[in-house]
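Architecture at a glance
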Amino acid sequence: MSTHDEYWEKNSVAIANYLKLAILKRHHKVVLTTFKTRMNRILYAYLNHLPRHVRESEKEDLQTIVLIELFETIKIWDPERHSSVWPLAYQRINGAMRDHIRFVTRSDPTRFYEWVNTAANMYIVIQENNTFESDMDSAHDLQSVLQLLDRSEEHTSELQSP
């Protein structure tokens with residue numbers, strides 16, 4: 001074995017890590033452009049399985065998770081073991097998005113559907129019955145008017161009594 005082979009054997013991991021970090025720091029826009037279509041495809045495929053209101057509220061968070069996981073995967077990727085980074089990134093991105101939804105729901109995935117239905121029904125009820133506050137305001141106003149009338153009636157009766 002030559003001295004170059006020995007040097008490479010000892011330092012290949014450190015060199016690969018240095019190169020990956022240098023690429024991520026200096027060429028992150030190229031990395032994002034290269035994987036943009038794949039990242040969007042995996043994101044929107046996952047979003048399509050979520051209810052609309054969850055999709056709308058969590059879309060930006062999931063986009064951020066996709067970006068972070070791609071960069072984190074590139075950092076840990078071993079090019080000697082796997083020629084392409086994407087299969088590993090795909091698995092990690094999917095897992096991270098599922099973990100995020102589990103965290104948001106704070107329950108196990110089997111009760112996710114229940115949580116979504118409850119949240120959706122509450123949203124619909126609140127939107128349809130948005131008059132509760134105005135009813136309370138009207139009741140409060142009516143009560144204060146009645147108190148004013150009671151006081152003015154007392155005052156009127158005092159004036160009328162001899």
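Residues numbered from 1 in each chain as written. Predicted model: local features only at pLDDT ≥ 70, side-chain atom pairs only at ≥ 80, totals over all residues. Heavy atoms only, no water.

For the rest of this paragraph, the subject is the overall build of the protein. Of regular secondary structure, the protein possesses 6 helices and 0 strands. Looking at the 162 residues of the protein, the share that counts as buried comes to 22%. When contacts within the protein are restricted to residue pairs at least 6 apart in sequence, those whose partners lie at least 24 apart make up 61%. When the accessible surface of the protein is split by element, carbon and sulfur atoms take 56% of a total near 12700 Å². (Helix = DSSP H or I, 4+ residues; strand = E, 2+ residues; numbered from the N terminus. Buried < 20%, exposed > 50% of the residue type's maximum accessible area, 1.4 Å probe, protein only. Contact = heavy atoms within 4.5 Å. Areas by Shrake-Rupley, 256 points an atom, 1.4 Å probe, with all protein chains shown as cover.)

With that settled, consider the pattern of salt bridges. Tallied over the full model, the rule gives 3 salt bridges. Residue Arg92 is joined to Glu69 by a salt bridge in which the shortest nitrogen-to-oxygen separation is 3.2 Å. Note that Arg92 is positioned in helix H4 (residues 86–105) and Glu69 in helix H3 (residues 52–76), a separation of 23 residues in sequence. Take Arg92: its relative accessible area is 28%, and that puts it in the partly exposed class. Overall, Glu69 belongs to the buried group, its relative accessible area being 15%. In this structure, the salt-bridge partner of Glu72 is Lys75, at a minimum N-O distance of 3.2 Å. (Salt bridge = Lys/Arg side-chain N within 4 Å of Asp/Glu carboxyl O.)

Taken as a whole and assessed by the stated rule, the structure comprises 2 aromatic pairs. Ring geometry for Phe35 against Trp86: centres 5.8 Å apart, planes inclined by 20°, an arrangement best described as stacked. Separated by 51 residues along the polypeptide, Phe35 in helix H2 (residues 28–47) and Trp86 in helix H4 bring together distant segments of the chain. For Phe35, a relative accessible area of 12% puts it in the buried group. Look at Trp86 and you get buried, because its relative accessible area is 12%. Three or more aromatic residues link up through ring pairs in this structure, and these residues are Phe35, Trp86 and Tyr90. (Phe/Tyr/Trp six-rings, centres within 6.5 Å; stacked < 30°, edge-to-face > 60°.)

Another point: helix H1 (residues 3–26). Asn11 marks where H1 bends most, by close to 65°. Those residues of H1 not exposed but buried are Ser12, Lys20, Ala22 and Leu24. Buried positions along H1 lie against H2 and H3. (Bend = angle between axes of the 7 residues up to and from the residue.)

With that out of the way, let us pick up H3. If you check H3, its first and last C-alpha atoms are 34 Å apart, about what 25 residues at 1.5 Å a residue would give, namely 36 Å. Where H3 bends most, at Glu58, the angle is about 55°. Where H3 is concerned, the buried positions are Val54, Glu58, Leu62, Ile65, Val66, Glu69, Leu70, Phe71, Thr73 and Ile74. (Expected span 1.5 Å × (residues − 1).)

Its place among the elements puts Asn40 in helix H2. The class for Asn40 is partly exposed, based on a relative accessible area of 31%. Between the C-alpha atom of Asn40 and that of Gln63, which follows or precedes it by 23 residues, the distance is 8.4 Å.

Let us look at the side chain of Glu58. Within the secondary structure, Glu58 is located in helix H3. Dropping the residues within four chain positions of it, Glu58 is found in contact with His100, Ile101 and Val104.

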